[in-house]
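Descriptive structure summary
These are the residues of each chain, in order.
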Amino acid sequence: MRRRLAVLSIVGAMALSLAACSGPDPTLSSPQQPTSSPTATAPTASATAQSSTTPSATPSGSSSPSASASPAPSKGDKPSSKPKPTKPSGSSNASGHWKPKAGLTWQWQLSGKLDTSVNAKVYDVDLYDISAAQVKALHDKGRKVICYFSAGSYESGRPDSGDFPAAVKGKKMEGWPEYWLDIRDPRVLKIMAARMDLCAKKGFDGVEADNVDAYDNESGFDLTASDQLKYNKALAKLAHARGLAIGLKNDLEQVSALQPSFDFAVNEECYAYDECSVLKAFINAGKPVFHVEYEVSTSEFCPTTTKLGFSSMLKDLDLDASRTPC
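As the structure is a computational prediction, the values presented were derived from the model and not from experiment.

Criteria and thresholds
Residues numbered from 1 in each chain as written. Predicted model: local features only at pLDDT ≥ 70, side-chain atom pairs only at ≥ 80, totals over all residues. Heavy atoms only, no water. Pairing = 2+ DSSP bridges. Helix = DSSP H or I, 4+ residues; strand = E, 2+ residues; numbered from the N terminus. Axes fitted to C-alpha atoms, helices over the stretch in contact; angles between N-to-C directions. Parallel < 35°, antiparallel > 145°, perpendicular 65-115°, else oblique. Left-handed = near helix turned anticlockwise from the far one by under 90°. Contact = heavy atoms within 4.5 Å. Salt bridge = Lys/Arg side-chain N within 4 Å of Asp/Glu carboxyl O. Buried < 20%, exposed > 50% of the residue type's maximum accessible area, 1.4 Å probe, protein only. pLDDT = per-residue confidence, 0-100. Arc of directions from axis to C-beta. Core = buried A, V, L, I, M, F, W, Y, C linked by side-chain atoms within 4.5 Å. Phe/Tyr/Trp six-rings, centres within 6.5 Å; stacked < 30°, edge-to-face > 60°.

**Observations concerning the sheet that holds strand S8 (residues 169-172)**
With antiparallel pairing, three strands are arranged side by side in an open sheet as S7-S9-S8. In this open sheet, the two edge strands, each paired with only one partner strand, are strand S7 (153-154) and S8. Relative to strand S9 (residues 179-181), S7 runs antiparallel, the two sharing two bridges. Each residue of the ladder has a partner; that of Tyr 154, found in S9, is Tyr 179.

Pasting the structure below:
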């Protein structure tokens with residue numbers, strides 16, 4: 001959510017300047033074949049940033065964007081013969097979902113035309129904006145691919161927006177046109193199960209479920225930390241049942257309790273907020289921490305996050321293809 005609020009502040013400042021100038025338990029059900037349908041937006045930029053559109057993008061910090069991303073041709077001359085894709089470390093197998101290893105390089109793109117030429121082992125992109133063909137193209141390049149969607153907020157522009165009952169929509173997120181969800185309602189989890197079905201159908205390897213910290217925000221519902229733990233663990237169970245890895249997005253207050261249920265972490269601005277040490281629990285378990293900063297230079301945060309073992313990079317707030325990794 002942090003990122004999305006920052007984007008909105010920028011937009012607001014520009015506007016002022018211009019004015020001056022002039023049912024069943026989804027965890028037990030088998031995957032369905034969803035009708036089809038983006039996020040990003042992202043922007044989780046999230047969260048449409050969206051996150052996120054979010055962003056975070058909401059960035060869930062939101063994080064999440066809701067920007068649309070379409071494929072871009074890779075740079076360079078096309079090879080005469082198709083190279084054999086390299087296998088990223090931490091791969092899935094017949095006995096279970098993908099289990100990524102700490103240290104993997106990553107790209108997070110939730111807006112703009114998808115650039116498949118980035119030299120990163122893992123791509124985190126919008127569930128709805130990216131097609132199965134694009135996922136396959138990334139796989140052919142030896143990449144693992146994570147689908148982004150908001151698991152804790154309602155966005156009016158999503159293909160399944162009409163599936164959310166009015167009763168589960170809470171307060172509007174500060175600075176963003178999304179609404180917190182009542183995560184205690186089983187209908188919300190059922191919709192998230194359908195989103196994960198789509199994620200699996202498109203061939204993604206993992207899930208970034210944004211906005212999973214409603215209990216720590218003004219959601220409009222009397223949510224407790226216990227409610228959030230139950231919901232987040234249910235999301236992890238849904239993902240694993242579909243052969244998908246899942247990442248914990250922010251929600252640093254519950255890292256210790258949730259790390260065993262999640263396969264990686266996605267974090268925004270832990271360096272800027274002096275929170276990175278909490279995420280060491282993932283690294284200690286051999287799991288990656290996919291981390292971004294927006295306002296701090298790489299020369300400032302990289303020495304710290306690299307020492308911690310994070311997969312860190314500097315990104316623009318709109319989460320387009322540009323990136324500066326540590």
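**Here we look at the packing of helix H3 (residues 186-201) against helix H4 (residues 225-241)**
Their axes nearest at 10 Å, the elements H3 and H4 cross at an angle of 30°. The orientation of H3 with respect to H4, classified from their angle, is roughly parallel. As for how H3 packs across H4, the hand of that crossing is right-handed. Contact with H3, carried on its side by Val 188, Leu 189, Met 192, Ala 193 and Met 196, involves Tyr 231, Ala 234, Leu 235, Leu 238 and Ala 239 of H4 and no other residues of that element.

**A few points about the pattern of salt bridges**
As enumerated under the stated definition, the model contains ten salt bridges in all. We note a salt bridge from Arg 158 to Glu 155, for which the minimum N-O separation is 3.3 Å. For the pair Arg 158 and Glu 155, one class covers both residues: buried. Here Asp 185 and Arg 187 are joined by a salt bridge, their closest N and O atoms 2.8 Å apart. The class of Arg 187 is partly exposed, set by a relative accessible area of 35%. One salt-bridge network, in which partners are shared between bridges, spans Asp 126, Glu 155 and Arg 158.

**Here we look at the sheet that holds strand S14 (residues 311-314)**
Pairing in this open sheet of nine strands is mixed, and the strands run S3-S5-S6-S10-S11-S12-S13-S14-S15 from one edge to the other. The sheet is open, and its two borders are formed by strand S3 (106-109) and strand S15 (324-325), each paired with just one other strand. Here strand S5 (residues 122-126) runs beside strand S6 (residues 144-150); their pairing, made up of five bridges, is parallel. Bridged to Val 122 within S6 is Lys 144. Strands in contact with H3 are S6, strand S10 (206-210) and strand S11 (245-249); relative to S6, the strand with the most contacts, it is inclined by about 155°. Across the face of the sheet, helix H7 (residues 298-308) comes into contact with strand S13 (289-293), S14 and S15 while running at roughly 175° to S14.

**Things to note about the confidence of the model for the chain**
Looking at the chain, the pLDDT average stands at 80 and 71% of residues meet or exceed 70. Taken together, the stretch residues 2-95 has pLDDT below 50 and engages in 445 contacts with residues farther than four places along the chain or on a different chain.

**A short note on the environment of Val 207**
Inspection of the secondary structure puts Val 207 in strand S10. In this structure Val 207 comes out as buried when scored by relative accessible area, which is 0%. Note: C-alpha distance between Val 207 and Phe 264 (57 residues apart in sequence) is 9.8 Å. With residues near it in sequence (within four places) discarded, Val 207 still touches Ile 146, Cys 147, Phe 149, Met 196, Cys 199, Ala 239, Leu 244, Ala 245, Ile 246, Gly 247 and Phe 264.

**Regarding helix H2 (residues 132-140)**
Every buried residue of H2 is accounted for by Gln 134, Val 135 and Leu 138. Down the axis, H2 shows its buried residues gathered within 105° of arc, on one side only. At the exit of H2 stands Gly 142, carrying a positive phi of roughly 85°.

**Let's talk about the nonpolar core**
Most often, soluble globular proteins keep nonpolar side chains buried together rather than apart. Counting residues in hydrophobic clusters, the biggest one holds 60 residues, and the most contacted among them are Met 192, Met 196, Phe 204, Val 207, Leu 235 and Leu 279. Among the elements that line this core, the one with the most residues is H3, at eight residues. Residues within four places of Leu 279 in sequence aside, it is in contact with Leu 252, Val 255, Ala 265, Asn 267, Cys 270, Val 289 and Phe 310. Listed in part, the 17 residues of the second largest apolar core include Leu 104, Leu 110, Phe 290 and Val 292.

**Some points on H7**
Three or more residues of H7 are buried, namely Phe 301, Cys 302, Thr 305 and Leu 308. One side of H7 holds all its buried residues, which, seen down the axis, span an arc of 125°. Residues of H7 that are exposed and point more than 90 degrees away from the buried face comprise Ser 299, Pro 303 and Lys 307. Those residues of H7 that are buried lie in contact with helix H6 (280-284), S13 and S14.

**Here's the deal with the packing of aromatic side chains**
Two descriptors summarise a pair of aromatic rings, namely the distance from one centre to the other and the angle between the planes of the rings. Inspection of every chain in the model, using the stated rule, returns six aromatic pairs. Both rings, one in Tyr 271 and one in Phe 301, keep their centres 6.5 Å apart while their planes meet at 50°; by these two values the pair is tilted. A residue pair is termed long-range when its members are at least 10 positions apart, and Tyr 271 in the loop between strand S12 (264-268) and H6 and Phe 301 in helix H7 qualify at 30 residues. Among the residues examined, Tyr 271 registers a relative accessible area of 23% and is labelled partly exposed. Judged by its relative accessible area of 0%, Phe 301 falls in the buried class. Three or more aromatic residues joined by ring pairs form one cluster here, namely Trp 98, Trp 106, Trp 108, Phe 264 and Phe 290.

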